[in-house]
Amino acid sequence: MSTRRNFLKAVPAVGAALTASCTDPSQAASNSLNSPAHAPPSTLVRPVVISTWNHGKAANTAAWQVLSENGNALDAAEAGVRVTEADPNGRSVGIGGRPDRDGNVTLDACIMNSDGDCGSVAYLQEILHPITVARQVMEKTPHVMLVGKGAQEFAIAQGHEKVNLLTEESKKEWEEWLASERRQKPKINVENHDTIGLLTLDNQGNLAGACTTSGAAYKYAGRVGDSPIIGAGLYLDNDVGGATATGWGEAVIRACGCFLVVELMRQGHSPQEACELAVERVVAKNPDWKDIQVGFIALGKDGRHGSFCIAPGFEYALWSEQVENGLFASGSKLEG
Ligand code: SD4
């Protein structure tokens, strides 16, 4: 995770509150991890998959496989983030994720399809693929969201097995955290990063999205972030576009972040402008904004995309016929 260090601490403003604002991601990504010459075109020919962070590249690979074989957006979104959930080396999603302060790994996830159907699980423990459980909530129950024990019992009834999600490495880090002064004064926002949110646009022009995380590290037991909350961590409208978020979930929830991005797109803003305006809203509503990170990615029904965040260091992965397995730095409110 090459840029995690940047997420660990919001960088103080140089020339405070300078906005690296633009309306075109090919400019926003001028400091792209690919060379500027390979900055992504602002409009992509479908199918398209876009996702958060470096681990999005592996997720996009799986999603692209589905899309390139003419598969549908929902199957691609689920297949993509399942890769991240199953990777024990990731410290922020699925197995290997950092636990809460009591040492329990608790997972949040949600999924949406092009009909506007959605499913979600929160505070789910000992289940490897929360995104699949979220999809099953969507497809097999009259509900949108199941949490905790009920979500786990539902998952087991659907055939999921109980697994230990706390890897030795994650356990060791947690024990170090317990022994450190952070036990008394938890720096909860600096150990909170790298959720995977992934948006797909298939050959038929339909959108889907998925978002899954182990949430903020060493959180209070029972804490749920934005990632499983439809409208906060993920939202899409098949007439308009989709958005997903990463970062300090409390700030995203306060702003109804992804609903806001999609509504801004509905009003005529480009995905890039919508992400920038949503970050501005988060900034306006959170006096501590320089100490937190929030990032959005967005994908329009027409193949345009955008991304913006508060602090430099957020990157997004993109795959379309024009951009094979690309990774790009997001524009940010604070300069690098
Ligand atoms: C949360 N938004 O639980 C998640 C964490 C995250 O990138 O996105 N990290 O608040």
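Just above sits the structure.
This report concerns the structure included in the present document.

**Comments concerning the packing of helix α5 (residues 130-140) against helix α6 (residues 148-157)**
Here is step 1: Running from N to C, α5 and α6 point in directions that differ by 85°, and their axes come no closer than 10 Å. Considered as vectors, α5 and α6 are oriented roughly perpendicular to each other. Judged by residue contacts, V133, Q136 and V137 of α5 engage A151, F154 and A155 from α6.
Here is step 2: The residue inventory of the contact of α5 with α6, partitioned by class, reads 5 nonpolar, 1 polar and no charged.

**Focus: the pairing of strand β9 (residues 294-300)**
Successive side chains on a regular strand alternate, one facing one side of the sheet and the next facing the other.
Here is step 1: Across the 7 residues that make up β9, a large majority, 7, are buried.
Here is step 2: Residues V294, F296, A298 and G300 line one face of β9 and the alternating positions G295, I297 and L299 line the opposite face, and both faces are buried.
Here is step 3: In terms of strand pairing, strand β8 (residues 241-247) meets β9 through 7 bridges, oriented antiparallel. Residue pairing for β9: A245 is matched across the bridge by F296.

**What to know about the state of the cysteines**
Here is step 1: Evaluation of the coordinates by the stated rule reveals 0 disulfides.
Here is step 2: The closest cysteine sulfur to the non-disulfide-bonded C275 is located on C258, 8.4 Å from its own sulfur.
Here is step 3: When its relative accessible area of 0% is taken as the criterion, C275 is described as buried.

**A look at a nonpolar patch on the surface**
Here is step 1: The grouping of V144, M145 and V147 at the surface amounts to a nonpolar patch, some 230 Å² of accessible area in total.
Here is step 2: Residue placement: V144 occurs in the loop between α5 and β4 (145-147).

**Notes on the pattern of salt bridges**
Here is step 1: Considering all chains together, one arrives at 14 salt bridges under this definition.
Here is step 2: Close ionic contact of D237 with R266 constitutes a salt bridge, the shortest N to O distance being 2.8 Å. Taken together, the residues span a long stretch of sequence, with D237 in strand β7 (residues 234-237) and R266 in helix α9 (residues 257-266) at a distance of 29 residues.
Here is step 3: Salt bridges here are not isolated pairs; linked through shared partners, they connect D75, E78, R135 and E139.

**Regarding the environment of A317**
Here is step 1: Turning to its location among the elements, A317 is positioned in strand β11 (residues 315-319).
Here is step 2: Assessed through its relative accessible area of 0%, A317 is described here as buried.
Here is step 3: Between the alpha carbons of A317 and A58 there is a distance of 9.1 Å; along the sequence they are 259 residues apart.
Here is step 4: Every residue in contact with A317, bar those within four places of it in the chain, is listed here: V49, I50, S51, W53, G56, K57, N60, G326 and L327.

**A look at the site of the ligand**
Here is step 1: Around the ligand, 15 residues are found, and the nearest of them are D194, T195, R223, D226 and T246.
Here is step 2: Contact between the ligand and R223: an oxygen atom at 2.7 Å from a side-chain N or O atom of the residue.
Here is step 3: Note that an oxygen atom of the ligand is positioned 2.9 Å from one of the backbone N or O atoms of G249.
Here is step 4: Protein contact buries 100% of the 280 Å² of open area that the ligand shows by itself.

**Some words on the sheet that holds strand β5 (residues 196-201)**
Across a sheet, strands are paired by hydrogen bonds formed along the backbone, either parallel or antiparallel in direction.
Here is step 1: Across the sheet, 8 strands lie side by side as β4-β3-β2-β6-β5-β1-β11-β12; this open sheet has mixed pairing. Both outer strands of the open sheet, β4 and β12 (326-329), are each paired with one neighbouring strand and no more. The average undirected angle you get between the axes of adjacent strands in this sheet is 10°.

**As for the nonpolar core**
Here is step 1: With 51 residues, the main nonpolar core has V261, V294, F296, I310 and L318 as its most contacted residues.
Here is step 2: What I310 contacts, discounting residues up to four positions off in sequence, is V279, V282, V283, W289, I292, Q293, V294, S332, K333 and L334.
Here is step 3: V49, W64, V133 and L198 belong to the second largest nonpolar core, which has 30 residues in total.

**Things to note about the sheet that holds β7**
Here is step 1: Taken in spatial order, the 5 strands make up an open sheet running β7-β8-β9-β10-β13, and their pairing is mixed. On the outer flanks of this sheet lie β7 and β13 (331-332), each paired with one strand and no other.
Here is step 2: Relative to β13, strand β10 (residues 305-309) runs parallel, the two sharing 2 bridges. Residue pairing in the sheet places F308 in a bridge with G331 of β13.
Here is step 3: Each of β7, β8 and β9 is contacted by α9, which is oriented at about 145° to β8, the strand it contacts most.

Thresholds, definitions, all that
Residues numbered from 1 in each chain as written. Predicted model: local features only at pLDDT ≥ 70, side-chain atom pairs only at ≥ 80, totals over all residues. Heavy atoms only, no water. Axes fitted to C-alpha atoms, helices over the stretch in contact; angles between N-to-C directions. Helix = DSSP H or I, 4+ residues; strand = E, 2+ residues; numbered from the N terminus. Parallel < 35°, antiparallel > 145°, perpendicular 65-115°, else oblique. Contact = heavy atoms within 4.5 Å. Nonpolar A, V, L, I, M, F, W, Y, C, P; charged D, E, K, R; others polar. Buried < 20%, exposed > 50% of the residue type's maximum accessible area, 1.4 Å probe, protein only. Pairing = 2+ DSSP bridges. Disulfide = S-S within 2.5 Å. Patch = residues over 30% accessible without salt bridge, like charges linked within 9 Å, V, L, I, M, F, W, Y side chains within 5 Å. Areas by Shrake-Rupley, 256 points an atom, 1.4 Å probe, with all protein chains shown as cover. Salt bridge = Lys/Arg side-chain N within 4 Å of Asp/Glu carboxyl O. Near = heavy atom within 4 Å. Polar contact = N/O pair within 3.5 Å; in protein donor to acceptor, adjacent residues only side chain to side chain. Core = buried A, V, L, I, M, F, W, Y, C linked by side-chain atoms within 4.5 Å.

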